[in-house]
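So the chains spell out like this:
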Amino acid sequence: MSAKMTQFSDELADYLRTTGNRDTEILAALREETAKLPIAMMQISPEQGAFMYNLMKIMGAKQTIEVGTFTGYSALVVAMALPEDGKVVACDVSDEWTQVGKPYWEKAGVSHKIDLRLRPAVETLDEMIENGESGNYDFAFIDADKSNYDAYYERALVLLRTGGVIAVDNVLWGGSVVNEERQDDDTKAIRALNQKIHDDDRVDMNMLPLGDGLTLAIKR
């Protein structure tokens, strides 16, 4: 046992990725294609993807939401974990980036599980609530524009069932959350939501040092 987190050298991080997770050719190929893009840093890490896959399996998740799809890696991972009649409502505004992932969704045989909606996510989520879908979803992954994180979180809470899980990405923001010199809008929005979730008696929560920080909030 240890009271402190292990510090990861590059060698240890490589060991974690090669030995601590199981990979597939399709996942690796999509990561490699995404890595060629100028904004490749928006891609979640393979260990985070593996964690989300196993979380879906543990939960027995069937209906999920994703806010921020980018090139489709996280949607692919989650869809692979869902049953044949499962669904990922994938919210994004970029046809260019999401087109990268579509061939991989097809190769993996999960494209029928991914309902891609290209419009501002707040509009999509509000429409889902208006359509009577509140309380119907098992999981929501939030990884999009940081200034709207609070809006996404509130709508996800409405759409999730009791016991459903919200996963909020980038909650450590490269360490900027503890750097008082960083007062840009994105950093302030992440700090505010981190504190809000910590104090929110509607959920149980914990923050994981996974990737750029991942908070899990379980709806009570």
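Keep in mind it's a predicted model, so treat the numbers as computed, not measured.

**Some thoughts on helix α6 (residues 121-130)**
Taken together, the buried positions of α6 are occupied by Ala121, Thr124, Leu125 and Met128. Buried residues of α6, viewed axially, fall in a sector of 95 degrees; they line one side. Where α6 is buried, its residues meet β1 (63-67), β2 (87-92), β3 (114-118), β4 (137-142) and α7 (149-159). After α6 finishes, the residue Gly132 shows a positive phi value of roughly 85 degrees.

**A closer look at the packing of aromatic side chains**
Within a pair of aromatic rings, the relevant descriptors are the distance that separates the centres and the angle that separates the planes. A full pass over the atoms with the stated rule returns 1 aromatic pair. We note Lys107 situated over the ring of Tyr104; from NZ or CZ to the ring centre the distance is 5.0 Å.

**As for the packing of α6 against α7**
As a packed pair, α6 and α7 sit with axes 10 Å apart at the nearest point and diverge in direction by 20 degrees. With respect to each other, α6 and α7 are oriented roughly parallel. For the pair α6 and α7, the crossing hand works out as left-handed. Facing Ala121, Val122, Leu125, Asp126, Met128 and Ile129 of α6, the residues of α7 in contact are Ala151, Tyr152, Arg155, Val158 and Leu159. Residues that form the contact of α6 with α7 fall into these classes: 9 nonpolar, no polar and 2 charged.

**Topic: a nonpolar patch on the surface**
On the surface, Phe8, Leu12, Tyr15 and Leu16 cluster together into a nonpolar patch covering about 390 Å² of accessible area. Looking at where Leu16 falls in the secondary structure, it is placed in helix α1 (residues 10-19). Judged by relative accessible area, which is 32%, Leu16 ranks as partly exposed.

**Observations concerning unusual backbone geometry**
One non-glycine residue with positive phi stands out, namely Asn170, at about 65 degrees. Residue placement: Asn170 occurs in the loop between β5 (160-169) and α8 (185-199). Although it is not a glycine, Trp173 sits at a positive phi angle of roughly 50 degrees. With respect to the element layout, Trp173 can be found in the loop between β5 and α8.

**A word on the side chain of Thr71**
With respect to the element layout, Thr71 can be found in the loop between β1 and α4 (73-81). You can call Thr71 buried: its relative accessible area is 0%. At 2.8 Å, the side chain of Thr71 and the side chain of Thr34 are in polar contact. Setting aside residues up to four positions removed in sequence, Thr71 forms contacts with Leu30, Thr34, Leu37, Gln43, Trp97, Val100 and Gly101.

**Re the pattern of salt bridges**
Counted under the stated rule, the structure contains 16 salt bridges. As a salt-bridge pair, Arg117 and Asp115 come within 2.7 Å of each other at their nearest N and O atoms. On the basis of relative accessible area, Asp115 is assigned to the partly exposed category, the value being 28%. The salt bridge involving Asp138 is made with Arg161; its shortest N-O contact spans 2.6 Å. Of this pair, Asp138 sits in strand β4 while Arg161 sits in strand β5, placing them 23 residues apart in sequence. Residues joined by salt bridges that share partners form a network here, namely Asp150, Glu154, Lys196, Asp200 and Arg202.

What counts, and at which threshold
Residues numbered from 1 in each chain as written. Predicted model: local features only at pLDDT ≥ 70, side-chain atom pairs only at ≥ 80, totals over all residues. Heavy atoms only, no water. Buried < 20%, exposed > 50% of the residue type's maximum accessible area, 1.4 Å probe, protein only. Helix = DSSP H or I, 4+ residues; strand = E, 2+ residues; numbered from the N terminus. Arc of directions from axis to C-beta. Contact = heavy atoms within 4.5 Å. Phe/Tyr/Trp six-rings, centres within 6.5 Å; stacked < 30°, edge-to-face > 60°. Lys NZ or Arg CZ within 6 Å of the ring centre and 35° of its normal. Axes fitted to C-alpha atoms, helices over the stretch in contact; angles between N-to-C directions. Parallel < 35°, antiparallel > 145°, perpendicular 65-115°, else oblique. Left-handed = near helix turned anticlockwise from the far one by under 90°. Nonpolar A, V, L, I, M, F, W, Y, C, P; charged D, E, K, R; others polar. Patch = residues over 30% accessible without salt bridge, like charges linked within 9 Å, V, L, I, M, F, W, Y side chains within 5 Å. Areas by Shrake-Rupley, 256 points an atom, 1.4 Å probe, with all protein chains shown as cover. Salt bridge = Lys/Arg side-chain N within 4 Å of Asp/Glu carboxyl O. Polar contact = N/O pair within 3.5 Å; in protein donor to acceptor, adjacent residues only side chain to side chain.

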